[in-house]
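# A look at the structure
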Amino acid sequence: MKILIRATNWVGDAVMCIPALRMIRDLRPKAEIAILARPWVADLYRGQGYADRIVVYDNRGKHRGFWGRERLAAELRREKFDAALLFQNAFEAAWLAWRARVPERIGYARDGRSWFLTRSIPIPAKGEAPGHEAYYYLELLRRAGWIERLPRIEEISIAVPEEDRQRARERLAAGGVRKESLRVAFAPGAAYGSAKCWEPERYAALADQLIAAFDADVIFFGAPQEREMAARIAHAMRRRAFNLVGATNIGELPALLSSCRLFIGNDSGAMHVAGAVGVPVIGIFGPTDPEGTRPMTPQFTLIREPVECSPCFLRKCPIDHRCMTRISVERVFEAARISLASGTRVKNSRLWSEGFA
């Protein structure tokens, strides 16, 4: 049996898909499984064991535009897949599977794409499945009849090979990060929009405090479009931080983050990667709902101000951004101090891992 899985396009969603990907591998150990993914997600899945290969959807190169998508459909058609599981919700995902002539096409009935699916699965209503998004992908398998009940998710993990760890150590050392330093990763941006972002000046003050209190090396991570924000933080600091924003690809990120003692950031893809490689995470949440998109790790500390308009899920705040501006530097520093001073991994009082029949 040949199975094509269409991965999600966002890094955080790609991490939250991992339990479903592992389940498919367990269910079909002898199947040939290929994951179709955009370039910035593909490397996250390489070498993880739940797919035999990764097919890169080069949407900015040879698969760009209508004729590029037709070229990709033709490539997939020659593969003669038996089934396609569409974790991406877009219309295009179903259209590609249809154009590739995959006989069984399974996905949620949304974005007007049911016509192209052979198994058009109703979207779970509130309360029909656990609230965390990781269960959303597993529920697709359950409703398609691939599994009988949802498993209990304790945590999501990404394996980091030792050779990748060594390359990460060399990369950090070449950039001036001390070999035996206490390293704190910051991810101050968020691809979703500015409403998710804590203020840059507060990240700057927090970084200065961590360096002064713990002789820490603070390292900024993020996408190329977040370079301006990282520069703004660095400019506001009195001390030196190490800026890798826009200088790393997703394939390098797990190993680089795994070399850190603590991660502090907004609700972002980097937050999920950090949790999955075993780094304690302090997540600063504002317009989004931690019940649905927290990192699946017991080593998670939630920082959130319960204002009346949150979660709003807006990309840009139309009022005063109170969900973020009311979170003080002192509050985040205290959470970091507890983690770093204890020398142990912080565990949230709520593990947030639920079973669901």
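This one's a predicted model, so the numbers in the text were calculated from it and none came from an experiment.

How each quantity is defined
- Residues numbered from 1 in each chain as written.
- Predicted model: local features only at pLDDT ≥ 70, side-chain atom pairs only at ≥ 80, totals over all residues.
- Heavy atoms only, no water.
- Pairing = 2+ DSSP bridges.
- Helix = DSSP H or I, 4+ residues; strand = E, 2+ residues; numbered from the N terminus.
- Salt bridge = Lys/Arg side-chain N within 4 Å of Asp/Glu carboxyl O.
- Buried < 20%, exposed > 50% of the residue type's maximum accessible area, 1.4 Å probe, protein only.
- Contact = heavy atoms within 4.5 Å.
- 1 Å grid on protein atoms, 1.4 Å probe; cavity = no way out; pocket = protein on both sides within 12 Å on 5 of 7 lines; lining within 4 Å.
- Points joined across faces, edges and corners; volume = space filled by probe spheres on them.
- Nonpolar A, V, L, I, M, F, W, Y, C, P; charged D, E, K, R; others polar.

### Digging into the sheet that holds strand β10 (residues 262-266)
- The six strands are arranged β9-β8-β7-β10-β11-β12 in an open sheet whose pairing can be described as parallel. Of all the strands in the sheet, the pair left with one neighbour each is β9 (242-243) and β12 (300-304).

### Let's talk about the pattern of salt bridges
- On inspection of all chains with the given rule, the structure shows 27 salt bridges.
- A salt bridge links E92 to R38; its shortest N-O distance comes to 3.6 Å. Here R38 lies in the loop between β2 (32-37) and α3 (39-45) and E92 lies in helix α5 (residues 91-99), a separation of 54 residues in the sequence. Residues E92 and R38 agree in their burial class; the two are buried.
- The salt bridge partner of D320 is R322, with a shortest N-O separation of 2.9 Å.
- Taken together, the shared-partner salt bridges connect K2, E32, R53 and E79 into one network.

### Regarding the side chain of D13
- In this structure, D13 sits in helix α1 (residues 11-16).
- Sequence-distant contacts of D13, that is, excluding residues within four places in its chain, are made with T8, E133 and Y137.

### Quick look at empty space enclosed by the protein
- Under the definition given, this model contains two cavities of 30 Å³ or more.
- Roughly 40 Å³ of volume is contained in the largest cavity.
- Lining the largest cavity, in full, are L4, R6, L36, L76, A84, L86, A93, L96 and A97.
- Secondary structure elements with two or more residues in the lining of the largest cavity: β1 (2-6), β4 (83-86) and α5.
- If you tally residues by element for the lining of the largest cavity, the top one is α5, at three residues.
- In terms of residue class, the lining of the largest cavity is built from eight nonpolar, no polar and one charged.
- The wall of the second largest cavity is formed by V15, I156, H272, G275, A276, P295, M296 and T297.

### Some details on helix α11 (residues 269-276)
- α11 sits mainly inside the fold: eight of its eight residues count as buried.
- Listed as buried for α11 are G269, A270, M271, H272, V273, A274, G275 and A276.
- In the stretch just after α11, G278 is the one whose phi turns positive, near 90 degrees.

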